[in-house]
Amino acid sequence: GLGDRVPGQWRGRDLFNEPPAEAVFSQIGYPATDSAVAHGAVDQRDHFRLLRMAMRDRQWRMDYSFMRDGKRLEPTDGNLFDLQADPGELNNLWDDPAYRTVRQGCIDRIVAWFDGMDKPEALFGMRP
């Protein structure tokens, strides 16, 4: 297997032999403008100072503005879609009061994923 060739500090899963993940998470943007990655980037347009997080499971997809310049934001703008009822993602449920609990549950999952993630200085800058 690959176990003897993959460095121990790498985290991930075997897409061929392990069951699918319950949810997948992603981010776009720079976690902090004082990070080496941000300073070394060719493209430092202002909007990359905003870190957006996303989560998707079998029913829901959510993304929202999570952090700006290394500081967490209140979750005030985002997208929430019911992929089973709305596979074309045409009906954003973010502001719908009937989905407040679903929205908060997805936010909690994103926060837990982020808090459990390794945060190397090269990507996240100097931590306070």
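Details of the structure are given in the entry above.
> I'd like a description of the nonpolar core, backed by residues and values.
Among the nonpolar cores identified, the biggest contains 18 residues, and Met62, Tyr64, Phe66, Leu80, Ile110 and Phe114 are the most heavily contacted of them. Secondary structure elements with two or more residues in this core: strand 2 (50-56), strand 3 (60-68) and helix 2 (100-116). Each residue touching Met62, except ones within four places of it in the same chain, is listed here: Met53, Ala54, Met55, Asn79, Leu80, Trp94, Arg103, Cys106, Ile107 and Ile110.

> Give a detailed account of the packing of aromatic side chains, specifying residues and quantitative values.
One pass over the full model with this rule turns up five aromatic pairs. Pairing Trp60 with Tyr99 gives two aromatic rings, centres 5.9 Å apart and planes at 65°, and the pair type is edge-to-face. Of this pair, Trp60 sits in strand 3 while Tyr99 sits in the loop between strand 5 (78-82) and helix 2, and the two are 39 residues apart along the sequence. Ring pairing ties together the aromatic residues Tyr64, Phe66, Trp94 and Phe114, which thus form one cluster. A cation over a ring is seen here: Arg103 above Trp94, with NZ or CZ 5.0 Å from the ring centre.

> Lay out the side chain of Asp86 with the relevant residues and their values.
Turning to its location among the elements, Asp86 is positioned in the loop between strand 5 and helix 2. Within the buried set, Asp86 has no salt-bridge partner at all; the shortest N-O distance to an opposite charge, 9.0 Å, is to Arg61. One polar contact links the side chain of Asp86 to the main-chain amide nitrogen of Asn91, over a distance of 2.7 Å. Beyond its immediate chain neighbours, meaning those up to four positions away, Asp86 contacts Phe81 and Asn91.

> Pulling in residues and values, what's your account of the environment of Arg109?
Relative to the elements of secondary structure, Arg109 occurs in helix 2. In the structure, Arg109 is positioned 84 residues away from Phe25 in sequence and 9.2 Å away in space, judged by C-alpha atoms.

> Outline the side chain of Arg61, listing residues and values.
Relative to the helices and strands, Arg61 resides in strand 3. The exposure class of Arg61 is buried, given its relative accessible area of 18%. Here the side chain of Arg61 touches Asp63 through a polar contact of 2.7 Å, side chain to side chain. In this view, Arg61 contacts Met55, Arg56, Asn79, Leu80, Phe81, Leu83 and Glu89; residues no more than four positions away in its chain are not counted.

> Any details on the pattern of salt bridges? Residues and values, ideally.
The tally for this structure, following the rule as stated, stands at seven salt bridges. The residue Asp63 makes a salt bridge to Arg52 at a minimum N-O spacing of 2.4 Å. Placement of the pair is Asp63 in strand 3 and Arg52 in strand 2, with a sequence separation of 11 residues. On the basis of relative accessibility, which here comes to 11%, the residue Asp63 falls in the buried class. For Arg61, the salt bridge is made with Glu89, and the minimal N-O distance between the two is 3.0 Å. With a gap of 28 residues between them, Arg61 in strand 3 and Glu89 in the loop between strand 5 and helix 2 connect regions that are remote in the sequence. A relative accessible area of 26% places Glu89 in the partly exposed class. Through salt bridges with shared partners, one network takes in Arg52, Arg61, Asp63, Asp77 and Glu89.

Procedures and definitions
- Residues numbered from 1 in each chain as written.
- Predicted model: local features only at pLDDT ≥ 70, side-chain atom pairs only at ≥ 80, totals over all residues.
- Heavy atoms only, no water.
- Core = buried A, V, L, I, M, F, W, Y, C linked by side-chain atoms within 4.5 Å.
- Buried < 20%, exposed > 50% of the residue type's maximum accessible area, 1.4 Å probe, protein only.
- Helix = DSSP H or I, 4+ residues; strand = E, 2+ residues; numbered from the N terminus.
- Contact = heavy atoms within 4.5 Å.
- Phe/Tyr/Trp six-rings, centres within 6.5 Å; stacked < 30°, edge-to-face > 60°.
- Lys NZ or Arg CZ within 6 Å of the ring centre and 35° of its normal.
- Lys, Arg positive; Asp, Glu negative; His and termini not counted.
- Salt bridge = Lys/Arg side-chain N within 4 Å of Asp/Glu carboxyl O.
- Polar contact = N/O pair within 3.5 Å; in protein donor to acceptor, adjacent residues only side chain to side chain.

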